[in-house]
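Observations on the model geometry
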Amino acid sequence: MSKAYVFTRNGGPEVEALVDRDVPAPGPGELLVAVRAAGVNPVDWKLRDGYVRPGAEAAPFPAAFGSEAAGTVEAVGPDTEGFAVGDEIFGNPLTGGYAEHTLFPAAVSAHKPAALSFAEAAVLPVAAATAHDGLVQLGLAPGATLVITGAGGGVGSAAAQLARHAGLRVIGVASAAKKEFVTSLGAVHIASGPGLADRVRAAAPEGVDAVFDLAGGDALREAATLVADPAAALIGAGDKPLVAELGGAAVRRARNAEVLRTIGGLAAAGVLRAPIVRILPLDRAGEALRAVESGHALGKTVIEVSS
């Protein structure tokens, strides 16, 4: 048996539990992984609340939390190439990352760079990969000005770093409490809240070229007014229905090993640093989720599963 932190039905924190479950057997194209660390993301509690990813089916209950993780391969399924028992990998687990053992799809997994810890690798597959995919989608040229709302979160901080590496000027919208953190990423900090669009215009009187929204709501509504052509210059992952209503587009996720290898390489080279601010053990997974669910988390929270 193997421990996993799960939700037993859709609902709030009351449906969460640490349970024992059978160690899964890898099928074709799958890897059995002994998890060492898992990243915590807003999508985790959203899935518990009943959200279903577009094109996916709701997972059967009990469903383990965790959309990104890193660990060591313990078994390789049939017709699975490129991985061997003992390999240290990171990626998007099929059967939850808040677990001692889980299954990974080989197609969305990559070898962990030796320079990265398991915790550092575990926080790349969702936040950093989303940031990477969004910037590719925008296709901005060096020197362009990009506004990132929610710049103090996991995706926002990764997007700021990758954008700066690509030669973009970054304006990061976040709470006043996150000013020091946002500026440490090489971005110009703009306080969130009513009037943020005017504050951005004052900081960039020449105008902005694109908006990458990770906040949604009123912040997105204001930020959308900064671009003349939302269809070409407004993308979001924080509130996909609203970004579409405003004429923009949701971030198109690639979800492949090539993206993971790219961001893993950038992290190993020091271009992309994982701003891990909290590491908790598996038996405190609920506490880790509450920290992210509060909406005020700074950087990334990690669940350390084993050592």
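We now turn to the structure provided with this report. Quick caveat: nothing in here was measured; it's all calculated off a predicted structure.

Our focus in this paragraph is the nonpolar core. Membership of the largest hydrophobic core comes to 67 residues, with the highest contact counts inside it found for L146, I148 and F212. With 7 residues, helix 3 (residues 124-138) is the single largest residue contributor to this core. Every residue in contact with I148, bar those within four places of it in the chain, is listed here: G156, A159, A160, V170, I171, G172, V173, F212 and L214. In this structure, V40, V73, A106 and V305 belong to the second largest nonpolar core, which totals 26 residues.

Another aspect to go through is the sheet that holds strand 10 (residues 169-174). Here 6 strands make up an open sheet; going across it, the order is 11-10-9-12-13-14 and the pairing parallel. The outermost strands of the open sheet, each flanked by one partner alone, are strand 11 (188-191) and strand 14 (249-250). For strand 9 (residues 145-149) and strand 10, the ladder comprises 5 bridges, and the chain directions are parallel. Paired with L146 across the bridge in strand 10 is V170.

The next subject is the pattern of salt bridges. As enumerated under the stated definition, the model contains 13 salt bridges in all. Residues E88 and K112 are paired through a salt bridge, measuring 3.4 Å at the closest nitrogen-oxygen approach. With a gap of 24 residues between them, E88 in strand 6 (residues 88-91) and K112 in the loop between strand 8 (109-111) and helix 2 (118-122) connect regions that are remote in the sequence. Accessibility expressed as a relative area gives 35% for E88, which makes it partly exposed. The buried category is assigned to K112, whose relative accessible area is 11%. Ionic pairing is found between E245 and R221, a salt bridge with its closest N-O pair at 3.8 Å.

A separate point is unusual backbone geometry. With an omega of -5°, the peptide bond between F61 and P62 qualifies as cis. Mapped onto the secondary structure, P62 falls in the loop between helix 1 (42-49) and strand 4 (63-64). Phi is positive for D79, close to 55°, though the residue is something other than glycine. Of note, D79 is situated in the loop between strand 5 (69-76) and strand 6. Overall, D79 belongs to the exposed group, its relative accessible area being 74%. A positive phi is found at R255, a non-glycine position, where the angle reads about 50°. Structurally, the position occupied by R255 is in the loop between strand 14 and helix 10 (257-268). When its relative accessible area of 45% is taken as the criterion, R255 is described as partly exposed.

It is worth spelling out the sheet that holds strand 4 at this point. Strand order in this open sheet of 3 strands is 2-1-4, and the pairing throughout is antiparallel. Strands at the two margins of the open sheet, each flanked by one partner only, are strand 2 (16-21) and strand 4.

Before going further, it helps to examine the packing of aromatic side chains. Counted according to the given criterion, the structure contains 4 aromatic pairs. Ring plane angle 25° and centroid distance 5.6 Å describe the contact between Y5 and F65, whose orientation is recorded as stacked. Taken together, the residues Y5 in strand 1 (residues 2-7) and F65 in the loop between strand 4 and strand 5 connect sequence positions 60 residues apart. Like Y5, the residue F65 is buried in the burial classification. Through a chain of ring-to-ring contacts, the aromatic side chains of Y5, F7, F61, F65 and Y98 assemble into a single cluster. The positively charged end of K112 is found above the aromatic ring belonging to F118, 4.9 Å away from the centroid.

Calculation notes
Residues numbered from 1 in each chain as written. Predicted model: local features only at pLDDT ≥ 70, side-chain atom pairs only at ≥ 80, totals over all residues. Heavy atoms only, no water. Core = buried A, V, L, I, M, F, W, Y, C linked by side-chain atoms within 4.5 Å. Buried < 20%, exposed > 50% of the residue type's maximum accessible area, 1.4 Å probe, protein only. Helix = DSSP H or I, 4+ residues; strand = E, 2+ residues; numbered from the N terminus. Contact = heavy atoms within 4.5 Å. Pairing = 2+ DSSP bridges. Salt bridge = Lys/Arg side-chain N within 4 Å of Asp/Glu carboxyl O. Phe/Tyr/Trp six-rings, centres within 6.5 Å; stacked < 30°, edge-to-face > 60°. Lys NZ or Arg CZ within 6 Å of the ring centre and 35° of its normal.

Interpretation in functional terms is not warranted from these geometric data alone.
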